[in-house]
Amino acid sequence: MIFKKILLAVLVLLVPIEAFAAGECGLSCCIAGASSSGVTLASRFGISLQYEYSYMKPLREGSTEVTPGYVLDKKFAEGAAEYKVPTEMVMQKYSLIGSYPVTKDFMLIAIVPYVINDMTMRHRIGSMVMDMKMDTVSGIGDASLIAYYTFYQDELVRPTLRFSGGLGIKTPTGKNNEKDKNGQLYHAMMQSGTGSWDPLFMINGMVFLDPVWLQANIFYHLTTKGDSGYEFGDQLSANIVSRYQLFNNINIGLEVNGVYAGKDKDYDNRFTTNTALLDDTSNTGLFAVYVTPAIQIKIPNTGGSFEIKYQQPVYQNANGIQQVIDWRVFASLTWNF
């Protein structure tokens, strides 16, 4: 029986990934966090509050790190009269996640995010260079609803082997037309929402071999054109999650996360300019791999748990030139009833 479980786990972990994929994590981080935090194991209902802090500073041309000065010099050598390059970006996201088991095999999962985006830029006009800070952009993001179905589990309570999958929809609840004090649209990636209805697909496998818990999930976000004429690239992510029961109520873990994102499209050219790195869709889409150590603390004799994770990129290959993740922290408080 143990050999069978190991074999099935290996088959799940080795599913080959080929796809085209918006952004460096995006919704996939939230989905992966929801499934690994245990909110999908609730017997009556579960709730989770997740916090995500992403610090972005490096600029990459392909897989090579470059400086803001390099980018500005390159653009001016190509004939630009002015150009803006991001120097630092902080993206924060609070996500409220709720799960409700309709039957023993069928569950509904709802996700409502609130985003806070800050960015500083270097602006060159001729020989004059100045650093500037954008106004903070914040608000309710795009909410999602997922129908999550368990195809197989060996036990109803505390299963040791489970296979599941989900279909969902991301709704356009976040604003995607925020403007600065000069009446100019903020960059598309800084907006709280996308203005689009997007299908979501996921599959998940979990096995528990005491004291080790393994999970693998694949998430695909099929993006569509928003009401502003902008379409983010499709995104595929794959996560391998491991947890080790160090003590009765403390688990430590390690994850390997991969993201493959496709290029954005600005059909109506509302966001596209030739004066800013972020407003050129040729600078979108990437492939990235991260490692993520984690610690999870269960609250004794309750359905509650707390988890914190630190994510570090080990490989990033960007289309064009992009500002990418330097590091990211996740924290979540989950309660199952």
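This one's a predicted model, so the numbers in the text were calculated from it and none came from an experiment.

1. Considerations on the packing of aromatic side chains
Then comes step 1: For the structure on display, the rule yields eleven aromatic pairs.
Then comes step 2: For the ring pair Tyr230 and Phe232, a centre distance of 5.0 Å and an interplane angle of 65° mean the geometry is edge-to-face.
Then comes step 3: Exposure remark for Phe232: the relative accessible area of 16% places this residue in the buried category.
Then comes step 4: With a centroid separation of 5.9 Å and 85° between ring planes, the pair formed by Tyr260 and Phe287 is classed as edge-to-face. Here Phe287 lies in strand S15 (residues 286-298) and Tyr260 lies in strand S13 (residues 250-261), a separation of 27 residues in the sequence.
Then comes step 5: Aromatic rings pair up to connect Tyr53, Tyr55, Tyr310 and Trp327 into one cluster.
Then comes step 6: Sitting over the face of the ring of Tyr267, Lys225 holds its NZ or CZ atom 5.0 Å from the ring centroid.
Then comes step 7: When the ring centre of Tyr290 is taken as reference, the NZ or CZ atom of Arg328 above it lies at 5.9 Å.

2. Concerning helix H3 (residues 68-77)
Then comes step 1: For H3, the complete set of buried residues consists of Pro68, Val71, Leu72, Lys75 and Phe76. Axial view of H3: buried residues confined to an arc of 125°, hence all on one face.
Then comes step 2: Those residues of H3 that are buried lie in contact with strand S1 (46-61), strand S2 (64-66), strand S3 (82-101), strand S4 (106-125) and strand S17 (321-336).
Then comes step 3: Positive backbone phi, at 110°, marks Gly79, one or two positions downstream of H3.

3. Here we look at the layout of surface pockets
Then comes step 1: Roughly 540 Å³ of internal volume is contained in the second largest pocket.
Then comes step 2: Forming the walls of the second largest pocket are 22 residues, and the residues nearest its centre are Lys84, Asp180, Gln184, Leu185 and His187.
Then comes step 3: Elements that contribute at least two residues to the lining of the second largest pocket include exactly S3, S4 and strand S5 (128-133).
Then comes step 4: Per-class residue counts for the lining of the second largest pocket are seven nonpolar, seven polar and eight charged.

4. Digging into the confidence of the model for the chain
Then comes step 1: Here the chain shows a mean pLDDT of 88. Residues at 70 or above account for 89%.
Then comes step 2: Per-element confidence in the chain is highest for S2, whose mean pLDDT is 97, and lowest for helix H1 (residues 2-13), whose mean pLDDT is 38.

5. Examining the pairing of S4
Then comes step 1: As defined by bridge partners, S3 adjoins S4 across 19 bridges and the pair is classed as antiparallel. Counterpart to Met89 in the pairing with S4 is Met119.
Then comes step 2: Hairpin connection from S3 to S4: four residues lie between these consecutive antiparallel strands.
Then comes step 3: Inspection of the sheet shows S4 paired to strand S6 (residues 137-140) by four bridges, in the antiparallel sense.

6. Here's the deal with the nonpolar core
Then comes step 1: The biggest cluster of nonpolar side chains holds eleven residues, and these are Met56, Met89, Met91, Met119, Met121, Met134, Val137, Tyr186, Met190, Leu278 and Ile325.
Then comes step 2: Elements that contribute at least two residues to this core include exactly S3 and S4.
Then comes step 3: Once residues lying within four places of it in the same chain are set aside, the contact partners of Tyr186 are Met134, Asp135, Val137, Glu178, Lys179, Asp180, Gln191 and Phe271.
Then comes step 4: Membership of the second largest hydrophobic core comes to ten residues, among which are Ile97, Ile109, Ile146 and Leu200.

The rules behind each value
- Residues numbered from 1 in each chain as written.
- Predicted model: local features only at pLDDT ≥ 70, side-chain atom pairs only at ≥ 80, totals over all residues.
- Heavy atoms only, no water.
- Phe/Tyr/Trp six-rings, centres within 6.5 Å; stacked < 30°, edge-to-face > 60°.
- Buried < 20%, exposed > 50% of the residue type's maximum accessible area, 1.4 Å probe, protein only.
- Helix = DSSP H or I, 4+ residues; strand = E, 2+ residues; numbered from the N terminus.
- Lys NZ or Arg CZ within 6 Å of the ring centre and 35° of its normal.
- Arc of directions from axis to C-beta.
- Contact = heavy atoms within 4.5 Å.
- 1 Å grid on protein atoms, 1.4 Å probe; cavity = no way out; pocket = protein on both sides within 12 Å on 5 of 7 lines; lining within 4 Å.
- Points joined across faces, edges and corners; volume = space filled by probe spheres on them.
- Nonpolar A, V, L, I, M, F, W, Y, C, P; charged D, E, K, R; others polar.
- pLDDT = per-residue confidence, 0-100.
- Pairing = 2+ DSSP bridges.
- Core = buried A, V, L, I, M, F, W, Y, C linked by side-chain atoms within 4.5 Å.

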